[in-house]
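Report on the structure
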Amino acid sequence: MPLEPYARGGTWWCKGRVELDGRAITGYLRCSTGASSEAGAREWIAEETARLRKRHLLGEDAEALTFEQAVLLYPAKPDDAARLIRILPHFEGRTCASITPRELRALGPQILPDAATDTWWREIVTPVRAVINNAHDEGKCPPIRVKGYSAKERIEQDAARGKRSRVEKEPADRAWLDAFTAQADPWNAALAEFMFETAARVGQAVALQPADLDLPRGRVLLPAAKGHPAQWVAISSAMVARLANLKAKQPRARRGGQRLEARVFGYASPTSMHDRWRRICKAAGIAYIAPHAAGRHGFYTEMRVRQGLDPITAARAGRWSDPVLPDRIYAHSDADERVLRERAGTNPVHVAPQKVLKRRKSGADS
């Protein structure tokens with residue numbers, strides 16, 4: 001009997017034998033797939049069956065790929081490469097197949113003891129998992145699935161480091177934006193307005209070049225981001241006038257100091273404006289709001305909460321493919337909690353119940 005899934009509590013397990021050409025190549029197996037759905041369990045069974053068949057045909061060498069070798073197979077971007085360089089010494093000489101999910105999750109506290117669990121996941125778990133699963137796609141080793149850190153673990157780590165993680169972002173509103181733009185130089189003022197109006201990500205806005213502007217048609221070509229292709233986005237007539245009067249600048253590269261191609265807002269990278277924004281906020285006497293929160297969070301809160309736009313239209317305008325996600329993450333309430341408590345605490349007006357007149361029973365209704 002080949003491996004078949006079955007539900008056990010909230011998890012799907014499997015039982016049976018792995019077969020090859022109608023002949024069993026393993027003993028009877030009964031184990032958890034770690035999946036919460038039948039589809040996930042069948043996917044796990046397919047991958048595990050392929051792995052065991054390959055090991056049967058090729059021997060144990062099929063699982064002998066070391067983590068260092070897997071890293072060389074992985075097309076790492078510069079940020080990923082920097083993370084992997086820090087992780088490599090902890091898995092020196094280890095095969096990918098020998099690295100367990102529990103061990104990987106425990107590596108975060110070792111490397112970054114003062115970081116939040118979200119940082120552990122992003123800086124440690126995600127790159128290692130990507131390397132191993134990329135090697136698995138090449139048929140070099142088994143895949144790895146890692147359970148995320150629980151809310152209890154996150155709270156305990158926040159208490160240990162004395163700092164709260166997942167602090168709710170503060171979106172910009174029109175008053176904040178007016179104060180910011182009044183104090184800012186033309187490039188930063190235009191950048192803040194542009195992100196608030198279009199919900200563009202910081203990286204997309206910073207990457208804009210003069211060739212990406214089609215001002216006669218009132219539109220801008222935003223670069224690809226987060227799985228979405230590059231696309232034309234409409235802008236208001238006020239934004240058309242602002243960009244038409246904005247002279248593009250050539251920023252300097254962080255390394256080498258050479259001049260880059262002209263950028264609409266004059267920045268070389270998505271992190272270049274933070275110090276400048278802090279100074280502008282201080283001079284304007286307003287709270288510092290990071291560019292992403294001011295722009296993308298500000299846009300959705302403005303459309304959805306303050307102007308009452310329906311979630312489908314608001315999500316489409318901000319280029320979210322799933323309208324549920326922005327409501328959960330990007331919509332922030334502007335309500336004063338004290339006002340809400342006053343409403344809940346007021347004594348309602350009690351209206352005396354009306355007397356109910358009962359009909360006197362008799363032998364027959366009159």
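Residues numbered from 1 in each chain as written. Predicted model: local features only at pLDDT ≥ 70, side-chain atom pairs only at ≥ 80, totals over all residues. Heavy atoms only, no water.

On to the sheet that holds strand E1 (residues 4-8), then. Pairing in this open sheet of three strands is antiparallel, and the strands run E1-E2-E5 from one edge to the other. Looking along the sheet, the strands with just one partner apiece sit at the ends: E1 and strand E5 (29-35). For this sheet, the mean angle separating the axes of adjacent strands, direction not counted, is 35 degrees. Pairing of strand E2 (residues 11-16) with E5, which is carried by five bridges, proceeds in the antiparallel orientation. Each residue of the ladder has a partner; that of Trp-12, found in E5, is Ala-35. (Pairing = 2+ DSSP bridges. Helix = DSSP H or I, 4+ residues; strand = E, 2+ residues; numbered from the N terminus. Axes fitted to C-alpha atoms, helices over the stretch in contact; angles between N-to-C directions.)

A word on the pairing of strand E7 (residues 219-222). Only one face of E7 is buried, namely the one carrying Val-220 and Leu-222, since none of Arg-219 and Leu-221 on the opposite face is buried. Direction of pairing for strand E6 (residues 213-214) relative to E7: antiparallel, over a ladder of two bridges. Directly across from Leu-213, in E7, lies its bridge partner Val-220. Bridge count between E7 and strand E8 (residues 231-234): four bridges; the pairing is antiparallel. Bridge pairing in E8 links Val-220 to Val-233. (Buried < 20%, exposed > 50% of the residue type's maximum accessible area, 1.4 Å probe, protein only.)

Right, let's talk about the confidence of the model for the chain for a bit. Scored by pLDDT, the chain comes out at a mean of 87, with 92% of its residues at no less than 70. Every residue in residues 348-366 is under pLDDT 50, and counting partners more than four places away or in other chains gives two contacts. (pLDDT = per-residue confidence, 0-100. Contact = heavy atoms within 4.5 Å.)

Below, the discussion takes up empty space enclosed by the protein. Within this structure, the stated rule accounts for one cavity of 30 Å³ or more. If you add up the space inside the largest cavity, you get close to 90 Å³. Every residue along the wall of the largest cavity is listed here: Arg-201, Gln-204, Leu-222, Pro-223, Ala-225, Lys-226, His-228, Pro-229, Gln-231, Arg-296, Gly-318 and Arg-319. (1 Å grid on protein atoms, 1.4 Å probe; cavity = no way out; pocket = protein on both sides within 12 Å on 5 of 7 lines; lining within 4 Å. Points joined across faces, edges and corners; volume = space filled by probe spheres on them.)

One open sheet holds the three strands; their spatial order is E6-E7-E8, and the pairing between them is antiparallel. Taken across any chain shown, the strands that pair with only one partner, and hence form the sheet edges, are E6 and E8.

We now examine the environment of Leu-3. Within the element layout of this structure, Leu-3 appears in the segment before E1. In sequence terms Leu-3 and Trp-120 are 117 residues apart; their C-alpha atoms lie 35 Å from each other. Not counting chain neighbours up to four residues away, the residues in contact with Leu-3 comprise Cys-14, Lys-15, Gly-16, Arg-17, Val-18, Leu-29, Ile-45 and Thr-49.

Let us look at helix H8 (residues 186-198). Here H8 spans 18 Å end to end across 13 residues, near enough to the 18 Å set by a 1.5 Å rise per residue. Burial runs high along H8: ten of the 13 residues are buried. Turning to H8, its buried residues number three or more, namely Asn-188, Ala-189, Ala-190, Leu-191, Ala-192, Glu-193, Phe-194, Met-195, Phe-196 and Thr-198. Its side-chain oxygen placed 3.1 Å from the backbone nitrogen of Trp-187, Asp-185 serves as the N-cap of H8. Of the residues one or two after H8, Ala-199 is the one with positive phi, at around 65 degrees. (Expected span 1.5 Å × (residues − 1). Polar contact = N/O pair within 3.5 Å; in protein donor to acceptor, adjacent residues only side chain to side chain.)

Left-over empty space is what a probe sized like a water molecule reveals as it rolls over the atoms. Here the largest pocket defines a volume of roughly 1,500 Å³. Taken together, 33 residues line the largest pocket, and the ones lying closest to its centre are Arg-122, Lys-169, Arg-201, Lys-226 and His-292. If you list the elements that add at least two residues to the lining of the largest pocket, you get helix H5 (117-137), helix H9 (202-207), helix H12 (291-306) and helix H14 (324-329). Residue composition of the lining of the largest pocket, grouped by class: eleven nonpolar, nine polar and 13 charged. Size it by volume and the second largest pocket reaches roughly 510 Å³. Lining the second largest pocket are 17 residues, and of these Thr-33, Gly-34, Pro-101, Arg-145 and Val-146 lie nearest its centre. When residues of the lining of the second largest pocket are traced back to their parent elements, those giving at least two are E5, helix H1 (38-58) and helix H4 (101-111). Per-element accounting of the lining of the second largest pocket gives the leading share, four residues, to H1. Across the lining of the second largest pocket, the residue classes tally to six nonpolar, three polar and eight charged. (Nonpolar A, V, L, I, M, F, W, Y, C, P; charged D, E, K, R; others polar.)

This part covers the pattern of salt bridges. Throughout the structure, instances matching the rule amount to 19 salt bridges. Two residues, Arg-42 and Glu-4, come together in a salt bridge whose shortest N-O distance is 3.8 Å. A residue pair is termed long-range when its members are at least 10 positions apart, and Arg-42 in helix H1 and Glu-4 in strand E1 qualify at 38 residues. Three or more residues are tied together by salt bridges with common partners; here these are Asp-80, Arg-83, Arg-86, Arg-122 and Glu-123. (Salt bridge = Lys/Arg side-chain N within 4 Å of Asp/Glu carboxyl O.)

What follows deals with unusual backbone geometry. Here the phi dihedral of Arg-166 falls at roughly 55 degrees; this positive angle occurs in a residue that is not glycine. Mapping Arg-166 onto the fold places it in the loop between helix H6 (151-161) and helix H7 (174-183). Using a relative accessible area of 53% as the deciding quantity, one classes Arg-166 as exposed. Positive phi, close to 65 degrees, is recorded for Arg-319, a residue that is not glycine. Locating Arg-319 in the fold gives a position in the loop between helix H13 (311-317) and H14. Taking the relative accessible area as the measure of exposure, Arg-319 reaches 12% and is therefore buried.

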